[in-house]
Amino acid sequence: MSTIHRTPQEWIDEVSALKERIAHLEASEVKRQRAELTLRAAAEEWEQSFNALTDEVMILDKSGTVLWANKAVRERFEEAHGNLLGLDYRLLYYGTLHPDVRPPWDSVLQGALSAAVEISLPKLNGWFSVACYPLYDIEGKQWGAISIIKDITDRRRVEEALRDIAQGAPAAGGAAFFRALAKDLSKALDVQYAFLAEFSDINRSTAHTVAVWAQGQFTDNFSWDMVNSPGPNILHQNTPSWGQDAQRHYPLDLLLSKWNINSFIGIPLLNSLGQTIGLIVAMDPGPLRNLQLAQSIPSTCKISSFGIICSRISITEREYRTSSPYRSEERRVGKECRSRWSPYH
């Protein structure tokens, strides 16, 4: 109809319809802006979450080019490589575009559903757990992959040390080997204290340490009264025994009080006949921070694998402790050591 011949009511109706269309468009725009803000907030939260991880996380395209890297990756590589976006991941972790050994990432980039391995990487020191998973678009077509790399060097070091005990490797190293094991265990579990101890009698009323790592340094051995300690509970388990609020559960244990211990984990040490000959313990004033590793110890190091430790300690430690030079040295430094470290003096 010609606008010249419209009635006033028709004009009113058309204006009303126009207002409704404008209102609908405005509402749609508001929804779009809200959705955009929601997506942006979700993306920022996602990125902040990955940046908070100590694990290294990357998003790669199908060719292996880095599209995104979290803070841990950037801190490791940006000083040497600058901006990582657009670089091939092989350059970062292998130093070449054509590694001699096929990287685990490649299988996923070429269509595998996942990859999870523990490997050493040419450009890094240590051992790493690498997990890689494909990323798909809404049509189900793979466009890239997400990679998560975790440093497991400390765990592997402890596993290898415990494996060496089972194979008799400590024979030559003696006390030095066990001291290194205590240090590595402390570092791997992220605790301040770790020690190995043996029993001198069948009653197991007292444990005598053979290696002690305390607050970042080796310290002298001491005797641990087992009666009021977590020791009996540790010895009655076939798997690692751990606990929190240690001083509340064992208020009469002077060692826990001296070191202000809150949490602990311990494993009985058995000889080749299955007889208990000692224990290995890690402790900390705070909660156990690496509980996943602590819980994995029985599956990676069978309790029976500690058996050979008995003869190693007997030969290298007991005979030395009964020698005249040891007794003389013990008297000389005993008072100072007991005052600083032993809770029983």
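All chains use their own residue numbering, which begins from 1 and follows the written sequence. Note on the predicted model: pLDDT of at least 70 is required for a residue's local features to be given, and 80 or more for side-chain atom pairs to be given and counted; whole-chain, interface and lining totals, by contrast, use all residues. Excluded from the side-chain calculations are hydrogens and water; all other atoms, namely the structure's heavy atoms, are used.

Caption draft 1: Broad picture of the pairing of strand E3 (residues 115-120). One ladder, built from six bridges, connects E3 with strand E4 (residues 127-136); its direction is antiparallel. Paired with Ala 116 across the strands is Ala 131, a residue of E4. Remark: six residues form the turn of the hairpin made by E3 and E4, two consecutive strands paired antiparallel; Gly 126 in that turn has positive phi of roughly 115°. Should DSSP find at least two bridges between two strands, the strands are regarded as paired. The numbering of helices and of strands both runs from the N terminus, where a helix is a DSSP run of H or I of at least 4 residues and a strand a run of E of at least 2.

Caption draft 2: Representation of helix H7 (residues 175-189) within the structure. In a helix, the anticipated span is given by 1.5 Å times the number of residues less one. Across its 15 residues, H7 extends 21 Å between first and last C-alpha, which sits within 8% of the 21 Å expected from 1.5 Å per residue. Among all positions in H7, only Phe 177, Phe 178, Leu 181, Ala 182, Asp 184, Leu 185, Ser 186, Ala 188 and Leu 189 are buried. The first or second residue beyond H7 is Asp 190, which carries a positive phi of 60°. Burial classes: relative accessible area under 20% of the type maximum marks a residue as buried, over 50% as exposed, and values in between as partly exposed (1.4 Å probe, protein chains only).

Caption draft 3: Fine view of the environment of Trp 224. The topology assignment puts Trp 224 in strand E9 (residues 223-225). Classification of Trp 224 by relative accessible area gives buried; the value is 0%. Separated by 26 residues in sequence, Trp 224 and Glu 198 place their C-alpha atoms 10.0 Å apart. Any pair of nitrogen or oxygen atoms within 3.5 Å is treated as a polar contact; in protein, a donor-acceptor pairing is required on top of that, and neighbouring residues in sequence qualify only through side-chain atoms on both sides. For Trp 224, the side chain forms a polar contact with the side chain of Asp 253, separated by 3.3 Å.

Caption draft 4: Fine view of the nonpolar core. If you look at the biggest cluster of nonpolar residues, it comprises 23 residues, and the most contacted ones within it are Met 58, Tyr 93, Trp 105 and Leu 121. With 22 residues, the next largest nonpolar core counts Leu 235, Ala 246, Tyr 250 and Leu 255 among its residues. Think of a nonpolar core as a cluster: buried Ala, Val, Leu, Ile, Met, Phe, Trp, Tyr and Cys residues, connected wherever their side-chain atoms sit within 4.5 Å.

Caption draft 5: Just the sheet that holds strand E2 (residues 66-69), in detail. Read from one edge to the other, the open sheet built from five strands follows the order E2-E1-E5-E4-E3, with strand pairing classed as antiparallel. Looking at the sheet topology across the chains shown, the edges are occupied by E2 and E3. With strand direction ignored, the average angle separating the axes of adjacent strands in the sheet is 25°. Here a residue-residue contact requires only that any non-hydrogen atoms of the pair lie within 4.5 Å. Helix axes are fitted to C-alpha atoms over the stretch in contact, other axes to C-alpha atoms as well, and angles between N-to-C directions run from 0 to 180 degrees. This element, helix H2 (residues 71-81), spans strand E1 (56-61), E2 and E4 of the sheet and lies at about 90° to E1.

Caption draft 6: Representation of the packing of aromatic side chains in the model. The pairing test for Phe, Tyr and Trp rings, Trp by its six-membered ring, is centres within 6.5 Å, and the orientation test on the planes gives stacked under 30 degrees, edge-to-face over 60, and tilted for anything in between. Taken as a whole and judged by the stated rule, the model has eleven aromatic pairs. Taking 4.9 Å as the distance between ring centres and 45° as the angle between the ring planes, the aromatic pair formed by Tyr 89 and Trp 105 counts as tilted. Here Trp 105 lies in helix H4 (residues 104-109) and Tyr 89 lies in helix H3 (residues 89-93), a separation of 16 residues in the sequence. Among the residues examined, Trp 105 registers a relative accessible area of 0% and is labelled buried. Residues Tyr 93 and Trp 105 carry aromatic rings whose centres are separated by 5.6 Å and whose planes lie at 25° to one another, so their mutual orientation is stacked. With Tyr 93 in helix H3 and Trp 105 in helix H4, the pair connects residues that are twelve residues apart, well separated along the chain.

Caption draft 7: Expanded view of the confidence of the model for the protein chain. pLDDT runs from 0 to 100 and stands for how confident the predictor is about each residue. Residue-level pLDDT values for the protein chain average 77, and 73% of them are 70 or greater. Between residues 298-345, whose pLDDT stays under 50, and residues either more than four places distant or in other chains, the model counts 79 contacts.

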